[in-house]
Amino acid sequence: MEQALASPSRKKGWSNGGLIVLNLILTIAQISSYATGYDGSMMNGLQSLDTWQAYFNTPSPGTLGLLNAIQNIGQLAALPFCAVACDMFGRVAVLEFGAFIILIGTALQGAAQNTGMFIAARGIIGLGLAFNITAAPLLLLELAYPTQRAPQVSIYNALWNSGAIVAAWTTYGTFRITNDWAWRIPSIIQGLASIIQIGSCWFLVESPRWLMSKGRDEKARKVITKYHANNNPDDPLVNLELEEIRRALEFEMEMSRSTSYMAFFKTKGNRHRFFIILAVGFFSQWSGNGLTSYYLTLVMDSIGYKSQDTQTLVNGLLQIWGLVTSLFFALLVNKFGRRTLFLASTVAILAVFIVWTALEATYEQETALSGEGSPAVAKGVLAMIFLYSLAFNIGWNPLQVTYVIEILPYHLRAKGLVLYNLFVACALIFNQYANPIGVTNIGWKYYVVYDVWIAVELVIVYFLFIETGNMSLEQTAAILDGTQVQDKLVEEVARAVDENHNREITEIAAVVDKKE
């Protein structure tokens, strides 16, 4: 693969029209991350709006938890069907179906007449999101150019902040409106990504891996030739990619006759995969990020920043900072090892959170003694919130989806991603119920719980996670099954490519002899 990609005859950069068009197409799938980022930031912003609080009768911590968690409950309801749909109907069809459901939910959310209607609308949005965010990263990873797969999926996850930025600055602008449109406008704009995806459906291209799994090899060849080889059918990369996919599919079927979820418990390698997915799903949400993703308003209230102007402004600035830092590290994922970035990110998160806890405790104790906390300490907490975002974006933000898909063979890829989304949804539901109650009732002591838990995460990441950088999807998936499996796959692909090459030479020689 490395030799084929390094061929001097291969067009690179702006001269490779097929690759440029492919990356433009992939941006349609990239924006699926927009809706998930928009949701958390929007709910942060809405909690700061006096009009929203008045319309929904100032929700209690329990009601607030339900308003946030219902979206993930909707995801849970859809997740059992996502992998089956992706494998049966294709990545593109499921992506568009999810976008359509999200659009229905956002329309109802923007038109909500009471708390019940708002909750139902958010549940429908969660239902659509489950299909949409299961299909999008699969399509990105399986359709992207070989050397761009990890960056594509890492950028996808980093673009969570693009939706968050739009939501944050929309609520910052609309808080000046003194009627219900102050919260209805942000609620409706959540459907922007779905409108773009539905309007661009004719330009999307199906995954060659899915096409070959359905016996549509010629269609897969055309896709790879057009977008990976710049319409050059003689490019050795075409046959190499096709053979790698074909051999991997055949080999995976030999290893696992069952494609049910029980396959995750049948071999040592698959059990290892399951526990990595479990860890990534929960750790990506239980590292303290839930405090700023959905309940920044409560954190700001606890350090004396209570005006809706200040809260919406900080939310907007935090999302811009998050986008810049997450994109920066997303572009570096191939420069450093995956495990290295996860460890560095977790260490940085722990260090920042310990300082954050100490400052929060100081401010709350000062407030209890004198009725007012130190402005300098409050600013220190604010600084920690921004430093926390940087620490989280080193590894956890850009790599979580990339890493999960990289460790999975094709026949478990969709199901593995569903498991990841399931664990994320479960973690978020717990977060969205526990965080507002914990922050409100026990204050800084709740942060200590996170300090201890993040330390536990660090130990688990160190011993459980493996390195997967700079390898093809098939080679990466084989690492957990042992070196013999990996070597066999590489040897069979090389042998098949040589056989194809020799057959082509024989056919050319036969034609020449016939002409003579």
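Quick caveat: nothing in here was measured; it's all calculated off a predicted structure. (Residues numbered from 1 in each chain as written. Predicted model: local features only at pLDDT ≥ 70, side-chain atom pairs only at ≥ 80, totals over all residues. Heavy atoms only, no water.)

(A) Molecular detail of the state of the cysteines. The final tally for this structure, using the stated rule, is zero disulfides. You can see Cys 82 has no disulfide; the closest cysteine sulfur is in Cys 86, sitting 6.6 Å from it. (Disulfide = S-S within 2.5 Å.)

(B) Molecular detail of the environment of Asp 217. Following the sequence through the fold, Asp 217 ends up in helix α13 (residues 217–227). Taking the C-alpha atoms as reference, Asp 217 lies 9.0 Å from Arg 246; in sequence the two are 29 residues apart. Excluding its chain neighbours within four sequence positions, the residues that come into contact with Asp 217 are Met 212 and Arg 246. (Helix = DSSP H or I, 4+ residues; strand = E, 2+ residues; numbered from the N terminus. Contact = heavy atoms within 4.5 Å.)

(C) Local environment of a positive patch on the surface. Together, Arg 216, Lys 219, Lys 222 and Lys 226 make up a positively charged patch on the protein surface. Structurally, Lys 219 is set in helix α13. Since its relative accessible area comes to 44%, Lys 219 is described here as partly exposed. (Patch = residues over 30% accessible without salt bridge, like charges linked within 9 Å, V, L, I, M, F, W, Y side chains within 5 Å. Areas by Shrake-Rupley, 256 points an atom, 1.4 Å probe, with all protein chains shown as cover. Salt bridge = Lys/Arg side-chain N within 4 Å of Asp/Glu carboxyl O. Lys, Arg positive; Asp, Glu negative; His and termini not counted. Charge placed at Lys NZ, Arg CZ, Asp CG, Glu CD. Buried < 20%, exposed > 50% of the residue type's maximum accessible area, 1.4 Å probe, protein only.)

(D) Just the environment of Arg 122, in detail. Here Arg 122 shows up in helix α7 (residues 115–143). By relative accessible area, which is 0% here, Arg 122 ends up buried. For the pair Arg 122 and Ile 70, spaced 52 residues apart in the sequence, the C-alpha separation amounts to 6.3 Å. A polar side-chain atom of Arg 122 sits 2.6 Å from a polar atom in the side chain of Asp 39. (Polar contact = N/O pair within 3.5 Å; in protein donor to acceptor, adjacent residues only side chain to side chain.)

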